[in-house]
Amino acid sequence: MTTRFVKALMTSAVIGMSAASAASAAECIAPANPGGGWDFTCRQIGKIMYDIGAVDKPVQVTNMAGGGGGLAYNYVVAERGDDADLMVAASSATTTRLAQDAYAGMTADQVRFVGAIGADPGVIVVANDSPFNTLTEMVDAIKADPGSVAFAGGSAVGGFDHLKPLMLLQRAGFTDITKVKYIGVDGGADAITQTIGGFTQAMTGDMSEIIGFLNAGEVRVLAVLTEERIPGFDDIPTAKEQGFDVVAVNWRGLYVPKGISDEEFNVWADRLQQVADSDEWKEAMAANGLAPFTKVGVDFQDYVDQVVAEIRKLSIDIGVIQ
């Protein structure tokens, strides 16, 4: 995505929304078209903020699709860098792309990540007849023979699904990660099919992608990549309790412009915490297959910094970036 192209897209987007922007005290930019995950984040969080009184006016949602979130990111940095009334929907894809220089040279420290309050948990899955009964058994097999286990995932090589098992292996002291086999297919359902059919030995993806197959008894989940076990799936162990300190979730959250004050940042953090604590948000998570994942304020910024650094190193190690 060239700088000229980004500026051209930014100009057209700003013209299209300028008249509406002034009408509301708070605005949430969804860096995608209506209907996707970022749009859901803006509309649900914005609505609940108003419903519970965290803001005194309805939150305006502006859709700004382009560059996998890069258009909105460039726009916020270049044009709205000190706007205390602005929040932007983000997810694990945002930090992955920033770590891999996918936003035209923009970096993660050009905004402030204010919080995440829900997530689609990462999972490591095998077919029901797999010889692996635990995550440790699988990791030991890969350490003994890196080519013996192939993973299927719904992202391209270097994407978040690919990086999940690599994080686990690095925590286990395995460093030759370029020898780990990964097949990127078109979505989680295709990845599951590859694994059930025996074409790969494991699937790496998100919980929402595998629930139907899990309920049908076609797969087993060796680990969920969350801090704690998922309510409703309490029999599935976390990677952490098996000795692998990895949390890899597709979180739903927000960033705000870097130039706002600490006080203004804390106001947004408090608003987001109020949403996280509300019954309305718990109902929204249950209706949309999200698990609890609450990191707000400085705690979340520290988490993002750590994840970006790790993904960047992994991406260099596997040759996705130089």
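Anything mentioned here points back to the structure above.
Conventions adopted
- Residues numbered from 1 in each chain as written.
- Predicted model: local features only at pLDDT ≥ 70, side-chain atom pairs only at ≥ 80, totals over all residues.
- Heavy atoms only, no water.
- Salt bridge = Lys/Arg side-chain N within 4 Å of Asp/Glu carboxyl O.
- Helix = DSSP H or I, 4+ residues; strand = E, 2+ residues; numbered from the N terminus.
- Buried < 20%, exposed > 50% of the residue type's maximum accessible area, 1.4 Å probe, protein only.
- Patch = residues over 30% accessible without salt bridge, like charges linked within 9 Å, V, L, I, M, F, W, Y side chains within 5 Å.
- Areas by Shrake-Rupley, 256 points an atom, 1.4 Å probe, with all protein chains shown as cover.
- Lys, Arg positive; Asp, Glu negative; His and termini not counted.
- Charge placed at Lys NZ, Arg CZ, Asp CG, Glu CD.
- Expected span 1.5 Å × (residues − 1).
- Arc of directions from axis to C-beta.
- 1 Å grid on protein atoms, 1.4 Å probe; cavity = no way out; pocket = protein on both sides within 12 Å on 5 of 7 lines; lining within 4 Å.
- Points joined across faces, edges and corners; volume = space filled by probe spheres on them.
- Pairing = 2+ DSSP bridges.
- Disulfide = S-S within 2.5 Å.

Trainee: So what exactly am I meant to see when it comes to the pattern of salt bridges here?
Mentor: Side chains carrying opposite charge are able to pair once their charged atoms draw close together. Counted by the stated rule, this structure contains 15 salt bridges. In this structure, D262 engages R112 in a salt bridge whose closest nitrogen and oxygen atoms are separated by 3.1 Å. Of this pair, D262 sits in helix α9 (residues 262-276) while R112 sits in strand β4 (residues 111-127), and the two are 150 residues apart along the sequence. Its salt-bridge partner being K240, residue D245 comes within 3.6 Å of it at the nearest N-O pair. Residue class for K240 comes out partly exposed when judged on its relative accessible area of 31%. Through salt bridges that share partners, E227, K240, D245 and K295 make up one connected network.

Trainee: What is the right way to read a negative patch on the surface from this model?
Mentor: Side chains of D82, D85, E263 and E264 sit close together on the surface and give a patch of like negative charge. Among the structural elements, E264 can be located in helix α9. Relative accessible area serves as the criterion here: at 31%, E264 is assigned to the partly exposed category.

Trainee: What should I look at first to understand α9 in this one?
Mentor: Side chains of residues three or four places apart in an α-helix project in the same direction, reflecting 3.6 residues per turn. The first and last C-alpha atoms of α9 sit 21 Å apart over 15 residues, in line with the 21 Å expected at 1.5 Å per residue. Three or more residues of α9 are buried, namely F265, W268, A269, R271, L272, V275 and A276. The buried side chains of α9 occupy one side of the element, clustering within an arc of 160 degrees when seen end-on.

Trainee: Explain the layout of surface pockets to me, please; I cannot follow it from the model alone.
Mentor: Taking a probe equal in size to a water molecule and rolling it over the atoms shows the remaining empty space. Each pocket or cavity is described by its volume, and for the largest pocket that value is around 500 Å³. What lines the largest pocket is a set of 22 residues, and nearest its centre among them are S91, S92, A93, R97 and N250. Elements represented by at least two residues in the lining of the largest pocket include exactly α2 (37-51), α4 (92-99), α6 (160-171) and β9 (249-257). Looking at the lining of the largest pocket element by element, the count peaks at 4 residues for α4.

Trainee: What exactly am I supposed to notice about the pairing of strand β3 (residues 86-91) here?
Mentor: The side chains of a regular strand alternate, residue by residue, between the two faces of the sheet. Among the 6 residues that make up β3, 6 are buried, leaving the element largely enclosed by the rest of the structure. Residues L86, V88 and A90 of β3 are buried on one face, and the alternating residues M87, A89 and S91, pointing to the opposite face, are buried as well. Bridge count for strand β1 (residues 27-30) against β3 is 3 bridges, and the pairing is parallel. Among the inter-strand pairings, I29 is bridged to a residue of β3, identified as V88. Pairing of β3 with β9, which is carried by 4 bridges, proceeds in the antiparallel orientation. Across the sheet, residue S91 finds its bridge partner in β9, namely R252.

Trainee: Quick question: what am I supposed to make of the state of the cysteines here?
Mentor: If you walk through the whole model with that rule in mind, you get 1 disulfide. Disulfide pairing is shown between C28 and C42; the S-S distance is 2.0 Å. Between C28 and C42 the disulfide shows an S-S torsion of about -75 degrees. By sign, it is left-handed. Placement of the pair is C28 in strand β1 and C42 in helix α2, with a sequence separation of 14 residues. This pair shows no difference in class: C28 is buried, exactly as C42 is.

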